[in-house]
Amino acid sequence: MVSTQEQVQDIRQSIIDLPSTFQYSCFHLEYDGGKIINDFVELSEVKGLTSESEVRLVEDPYTEKESRIHFVRVRELIGAAGDRTDLLYGIEAGLSLHDSLAEPTAAHSGSANGNSSKVSTNANHPMSGYDVEAPGSYKVLLPPRQETAPKT
C-alpha cells in the first residue's frame, strides 16, 4: 500500500531495492491497460488513477546507458564492484573486471617465465614463445596501472 502523496520515482526506487524485484532496472509503470505513469509526479497527480487501479511493471528494452547501470548494480550485488565510475561515463567501459587489454610489454614477451628461446617462426602470433610447461606468473593477470581520474 502506498500513499497518494508518494512520488512515482520513490516507488520505482523501492521496486529496484526490494530483494524479490532487484533484477528489474529498466522498466516503466502502467495502469488501466496501458496508460504510462510519469516518473516525476505524485500519485495524486496521475489522472484516472484510483485506489482500485492496478499498476503493472513493464520491462523496457535496455539502452547502452541502462545496460551499464544494470551491470554496475549486478556487480555491486555480487561484491565485484569497486570505485568504478568509468562504467557510468563510458571511459573504457566493459563487462570485465579489468579496465583494459594491452599488448604484452617487453617484460612479458616470450614465455611466462621470461625464457624466449622457444620463439616460433611467426613472431606476430599471440601464442609465439609460449611455454606450456612454464610456471604461472600473476604479473600477466594484473591489469596495468592507470592514472587516477582528476578530482573535480
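Rules of the game
- Residues numbered from 1 in each chain as written.
- Predicted model: local features only at pLDDT ≥ 70, side-chain atom pairs only at ≥ 80, totals over all residues.
- Heavy atoms only, no water.
- Helix = DSSP H or I, 4+ residues; strand = E, 2+ residues; numbered from the N terminus.
- Buried < 20%, exposed > 50% of the residue type's maximum accessible area, 1.4 Å probe, protein only.
- Contact = heavy atoms within 4.5 Å.
- Areas by Shrake-Rupley, 256 points an atom, 1.4 Å probe, with all protein chains shown as cover.
- Phe/Tyr/Trp six-rings, centres within 6.5 Å; stacked < 30°, edge-to-face > 60°.
- Lys NZ or Arg CZ within 6 Å of the ring centre and 35° of its normal.
- Arc of directions from axis to C-beta.
- Salt bridge = Lys/Arg side-chain N within 4 Å of Asp/Glu carboxyl O.
- Polar contact = N/O pair within 3.5 Å; in protein donor to acceptor, adjacent residues only side chain to side chain.
- Pairing = 2+ DSSP bridges.
- Patch = residues over 30% accessible without salt bridge, like charges linked within 9 Å, V, L, I, M, F, W, Y side chains within 5 Å.
- Core = buried A, V, L, I, M, F, W, Y, C linked by side-chain atoms within 4.5 Å.

The name an unreviewed UniProt entry assigns to the protein is Intracellular distribution of mitochondria, from the organism Cryomyces antarcticus.

The helix and strand inventory of the protein stands at three helices and three strands. Within the protein, the fraction of its 152 residues that count as buried is 20%. A fraction of 48% describes how many contacts in the protein between residues 6 or more apart in sequence connect residues 24 or more apart. By element, 55% of the accessible surface of the protein is carried by carbon and sulfur atoms, the whole surface being about 12,000 Å².

Summed over the entire model, instances satisfying the criterion amount to zero aromatic pairs. Against the face of Phe-27 rests Arg-12, its NZ or CZ located 4.2 Å from the ring centre.

This brings us to helix H1 (residues 8-17). When we look at burial in H1, the residues that qualify are Val-8, Ile-11, Arg-12, Ile-15 and Ile-16. Summarising the axial view, the buried residues of H1 lie within an arc of 140 degrees, below the 170-degree limit, and thus occupy one face. Contact partners of the buried residues in H1: strand S1 (27-31), strand S3 (55-59) and helix H2 (64-78).

What follows covers the pattern of salt bridges. Following the criterion strictly, the structure yields three salt bridges and no others. As a salt-bridge pair, Arg-12 and Asp-39 come within 3.6 Å of each other at their nearest N and O atoms. Here the residue Arg-12 occupies a position in helix H1, and Asp-39 occupies one in the loop between strand S2 (35-36) and S3, the gap between them amounting to 27 residues. One salt bridge in this structure joins Arg-68 and Glu-64, with 2.1 Å as the shortest N-O distance. Of this pair, Arg-68 and Glu-64 both sit in helix H2, separated by four residues, roughly a single helical turn.

Okay, the environment of Ser-3 next. Of note, Ser-3 is situated in the segment before H1. Separated by 40 residues in the primary sequence, Ser-3 and Leu-43 place their C-alpha atoms 7.8 Å from one another. Reaching out from Ser-3, the side chain makes a polar contact with the side chain of Gln-5 at a distance of 2.7 Å.

This part is about the sheet that holds S3. Here three strands make up an open sheet; going across it, the order is S2-S1-S3 and the pairing antiparallel. Each having just a single partner strand, S2 and S3 make up the two edges of the open sheet. Direction of pairing for S1 relative to S2: antiparallel, over a ladder of two bridges. Bridge pairing links Glu-30 to Ile-36 in S2.

Right, let's talk about a nonpolar patch on the surface for a bit. Nonpolar side chains collect at one region of the surface, where Phe-22, Val-74, Leu-77 and Ile-78 lie side by side and expose about 350 Å² of accessible area between them. With respect to the secondary-structure elements, Phe-22 resides in the loop between H1 and S1.

Another point: the nonpolar core. Ranked by size, the top nonpolar core spans 12 residues in total: Val-8, Ile-11, Ile-15, Ile-16, Phe-27, Leu-29, Tyr-31, Ile-37, Val-41, Leu-43, Val-46 and Leu-49. Breaking this core down by element, the ones donating at least two residues are H1 and S1. Of all the elements, H1 adds the most residues to this core, at four residues. Those residues in contact with Val-41, other than ones at most four positions away along the chain, are Glu-6, Gln-7, Val-8 and Val-46.

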